[in-house]
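# A closer look at the structure
Given next are the chains, with one letter for each unit.
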Amino acid sequence: MSVGMSRAADPVDPGWAEFGRLLRFHRRRAGLTQLQLGSRVGYHHSFISRLEGGLREPPYDLVNRLDAVLGTGGRLAALVASPPASPCAPGLLPASPTLFSPIPGTDAPGDPASLTAQPWPVRLPAEGLACPLHGRVGCATPDREAVTDLLAGLTGPYDRVGDTAGAEAELLHGLTAVLACLIRETSGRDTDAGASTVERLLRGVVRWAEADNAAGRLPYGQLRLAAQYAQVAGRLRMERGQSGVAMAWFGHGLRWADAAQDAEARATLLSDMSTLVRLDGDPASMLVYAQAIGAVDVRRRWMVMLSDLYQARAYALSHDVAACRRHLSMARRRFARLDDRDRLEAPWLSGAEGVLRVESAAGGALRDLSVVTGDRAVARRAVEATARSYALLPPVMRSTRLLLTLRLADSWACAGDPVAAVTLAGPVLDEALGARELTVADELRGLHRRLAGRWRDLPEVREYRERVRAVSE
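The residue numbers shown here count from 1 along each chain, following its written sequence. Totals for whole chains, interfaces and linings use every residue, but because this is a predicted model, local features are given only for residues with pLDDT of at least 70 and side-chain atom pairs only at 80 or more, for both listing and counting. As a rule here, side-chain values cover all heavy atoms of the structure and leave hydrogens and water aside.

## Here we look at the overall build of the chain
The numbering of helices and of strands both runs from the N terminus, where a helix is a DSSP run of H or I of at least 4 residues and a strand a run of E of at least 2. Helix and strand counts for the chain come out as 22 helices and two strands. Looking at the 473 residues of the chain, the share that counts as buried comes to 54%. In the chain, the share of contacts with a sequence separation of at least 24, taken over all contacts with a separation of at least 6, comes to 69%. Shrake-Rupley sampling with a 1.4 Å probe provides the accessible areas, and residues are treated as covered by the protein chains on show and by no other component. Carbon and sulfur atoms form 53% of the exposed surface of the chain, whose accessible area is close to 19,900 Å². Each residue gets one of three labels from its accessible area relative to the maximum for its type: buried under 20%, exposed over 50%, partly exposed in between, using a 1.4 Å probe on protein chains only. We call two residues contacting when some pair of their heavy atoms lies within 4.5 Å.

## What about the pattern of salt bridges?
Counted as salt bridges are all cases of a side-chain nitrogen of Lys or Arg within 4 Å of a carboxyl oxygen of Asp or Glu. Per the stated rule, a full pass over the model turns up 29 salt bridges. When the shortest N-O distance is used, the salt bridge between Arg184 and Glu127 registers 3.1 Å. Taken as a pair, Arg184 in helix α7 (residues 168-188) and Glu127 in the loop between β1 (123-124) and β2 (139-140) lie far apart in primary sequence, 57 residues in all. Judged by its relative accessible area of 22%, Arg184 is partly exposed. Given the relative accessible area of 41%, Glu127 is considered partly exposed. A salt bridge links Arg325 to Asp375; the shortest N-O distance between them is 3.9 Å. With Arg325 in helix α14 (residues 321-336) and Asp375 in the loop between α16 (351-373) and α17 (376-391), this pair connects stretches of sequence that are 50 residues apart. Assessed through its relative accessible area of 36%, Arg325 is described here as partly exposed. On the accessibility criterion, Asp375 (30% relative accessible area) is partly exposed.

## Here we look at the nonpolar core
Soluble, globular proteins show a tendency: their nonpolar side chains are buried together. One finds Leu175, Tyr229, Trp256 and Trp302 to be the most contacted residues of the largest nonpolar core, which totals 88 residues. Of all hydrophobic cores here, the second largest spans 24 residues; its members include Ala421, Val422, Val440 and Leu447. Throughout this description, the term nonpolar core refers to a set of buried Ala, Val, Leu, Ile, Met, Phe, Trp, Tyr and Cys residues connected via side-chain atoms within 4.5 Å.

## Topic: the side chain of Thr439
Following the sequence through the fold, Thr439 ends up in helix α21 (residues 438-454). Non-local contacts of Thr439, meaning those with residues more than four positions away in its chain, are made with Glu239, Leu279 and Leu403.

## Quick look at helix α19 (residues 418-425)
Note that an α-helix has 3.6 residues per turn; residues three or four places apart therefore point the same way. Where α19 is concerned, the buried positions are Pro418, Ala421, Val422 and Ala425. The buried residues of α19 occupy an angular sector of 90 degrees when projected down its axis, which confines them to one face. Along its buried surface, α19 packs onto α18 (398-414), α20 (429-434), α21 and α22 (459-472). The arc in question is formed by the directions pointing from the helix axis toward the C-beta atoms.

## Some details on a negative patch on the surface
Two joining distances apply to patches: 9 Å for like charges and 5 Å for nonpolar side chains (Val, Leu, Ile, Met, Phe, Trp, Tyr), and every residue must have over 30% relative accessible area and no salt bridge. By the counting rule applied here, Lys and Arg register as positive and Asp and Glu as negative, while His and the ends of each chain are not counted. Note on charges: their place is set at NZ of Lys, CZ of Arg, CG of Asp or CD of Glu. A contiguous patch of negative charge on the surface is contributed by Asp143, Glu145, Asp149 and Glu170. Within the element layout of this structure, Glu170 appears in helix α7.

## Points about the state of the cysteines
Two cysteine sulfurs form a disulfide in these notes if their separation is within 2.5 Å. Considering all chains together, one arrives at zero disulfides under this definition. Cys131 carries a free sulfur, and the closest cysteine sulfur to it, the one in Cys139, is 3.7 Å from it.

## Description of the environment of Gly204
Looking at the secondary structure, you find Gly204 in helix α8 (residues 193-214). By relative accessible area, which is 0% here, Gly204 ends up buried.

## A closer look at helix α13 (residues 301-317)
Here α13 spans 25 Å end to end across 17 residues, near enough to the 24 Å set by a 1.5 Å rise per residue. Within α13, 15 of the 17 residues are buried, which leaves the element mostly enclosed by the surrounding structure. Expected helix span is given by 1.5 Å per residue-to-residue step, counting one fewer step than there are residues.

## Notes on unusual backbone geometry
In this structure, the amide linkage connecting Leu124 to the following residue, Pro125, adopts the cis form with an omega of 5 degrees. Its place among the elements puts Pro125 in the loop between β1 and β2. Phi at Glu127 takes a positive value of approximately 55 degrees, unusual for a residue other than glycine. Unlike most non-glycine residues, His319 shows phi in positive territory, near 70 degrees. Within the element layout of this structure, His319 appears in the loop between α13 and α14.

## A word on the packing of aromatic side chains
Pairing of aromatic rings covers Phe, Tyr and the six-membered ring of Trp, with a centre-to-centre limit of 6.5 Å; geometry is then stacked below 30 degrees between planes, edge-to-face above 60, and tilted otherwise. The full count for this structure, using the stated rule, is two aromatic pairs. Ring geometry for Trp302 against Trp348: centres 5.7 Å apart, planes inclined by 85 degrees, an arrangement best described as edge-to-face. A residue pair is termed long-range when its members are at least 10 positions apart, and Trp302 in helix α13 and Trp348 in the loop between α15 (340-345) and α16 qualify at 46 residues. A residue is classified by how much of its surface remains accessible, and Trp302, at 1% relative accessible area, is buried. Of note, Arg401 hangs over the ring of Tyr390, and the distance from its end group to the ring centre comes to 5.0 Å. Placement of a charge over a ring requires the Lys NZ or Arg CZ to be within 6 Å of the ring centre, with the centre-to-atom vector within 35 degrees of the ring normal.

## Brief notes about the confidence of the model for the chain
pLDDT runs from 0 to 100 and stands for how confident the predictor is about each residue. Averaged over every residue, the pLDDT of the chain is 83; the share at 70 or more is 84%. Here residues 1-14 is a poorly scored stretch, pLDDT under 50, and it has 30 contacts once near neighbours within four places are set aside; other chains count. For residues 157-166, every residue scores under 50 in pLDDT, and the model assigns this stretch 16 contacts once sequence neighbours within four places are set aside.

Set out below in structure tokens:
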């Protein structure tokens with residue numbers, strides 16, 4: 001994606017567009033402005049505006065408050081599938097107009113058998129994925145060949161889904177192993193084939209869950225697995241700049257996580273949704289999702305810590321300096337106090353990887369804060385945090401290394417050292433300009449804005465900008 005390229009407006013989900021129209025009707029009937037309604041239900045008025053425009057999925061807890069404040073008699077809740085009281089309750093899998101409809105870029109379904117080049121995980125967890133039935137206790141996976149045979153029933157016609165019921169545990173283990181292979185596959189290749197395969201298998205898992213639910217069987221494992229697949233599908237589409245499709249997958253994953261009472265999946269999905277709306281330039285919605293992470297379970301310190309990190313960045317983008325600093329400080333204190341349960345549920349927050357993630361998030365928040373305040377001392381703190389994170393990166397994380405290189409360069413620009421910025425960014429410029437990841441493009445755009453603003457006539461910056469122009473053309 002070239003820097004400065006504008007993205008087309010995201011498609012509006014028909015279901016949320018109808019919800020938005022009904023919300024606007026009842027708000028106007030009640031004689032309330034968006035600001036007044038937002039203050040009564042505890043949400044920013046810009047989020048109410050996006051709901052009315054059909055651009056955001058309404059959180060479950062908000063829908064009931066809107067019904068109560070506007071006196072709709074439950075009409076808004078009727079449009080939204082609320083979390084079931086029991087996983088076996090009728091309507092477990094809420095109907096959605098986009099669940100099985102064609103998704104752009106997924107006509108070629110892909111073939112799981114093509115993943116034979118990837119090392120097959122012999123046990124779960126793998127690539128951070130826990131067993132959907134047994135959690136993180138450590139489950140053996142079936143042989144690759146056995147999984148290929150089982151997938152024929154899952155990805156074939158709808159009436160063959162039931163054939164897999166007798167091998168439920170084996171298939172769930174195998175599908176988790178396949179997803180681990182897909183994660184490795186997509187992290188090393190710039191292709192849409194992996195996203196197509198993930199989405200094809202995800203549809204098969206959901207059909208399997210619907211068939212079991214209709215037969216009165218508990219599809220707990222399928223729902224947890226579907227939430228994992230939806231998260232990966234959403235991340236892949238988000239990195240390609242397909243925000244509307246990504247948010248749809250995250251929304252489906254959140255409902256499946258709710259149905260399976262999977263708090264861990266709910267917290268990480270909300271984290272991804274917070275990132276997505278940040279990339280869309282919507283700090284108010286980012287704050288809503290960030291706060292929702294901590295509300296999933298206040299007893300889980302890692303969730304509250306994650307919420308603090310995302311809130312810090314949202315407040316930085318909203319120009320709230322005090323709140324940003326406060327949440328960064330709380331996040332670091334909570335990270336230092338993570339216990340064995342936290343590390344078991346969120347192993348990616350353990351050891352060096354945990355420090356990498358926390359310092360990366362802190363560096364992003366501090367850099368954003370330095371942009372809006374012009375405070376070079378804050379920018380130098382962003383340099384320090386990002387450098388700590390960069391130093392812990394394993395060589396295989398090429399995309400993250402590229403992103404952090406650009407963030408470090410931008411932080412130096414914000415700190416008043418444009419020569420250090422172009423020196424850092426220069427060696428990776430060709431790779432960055434050719435990258436398809438939206439997060440990389442976002443970092444690159446920010447760096448270019450800083451360099452083209454105050455230091456555009458500096459010889460080193462002028463040379464850098466000419467090189468950018470040449471590569472882009």
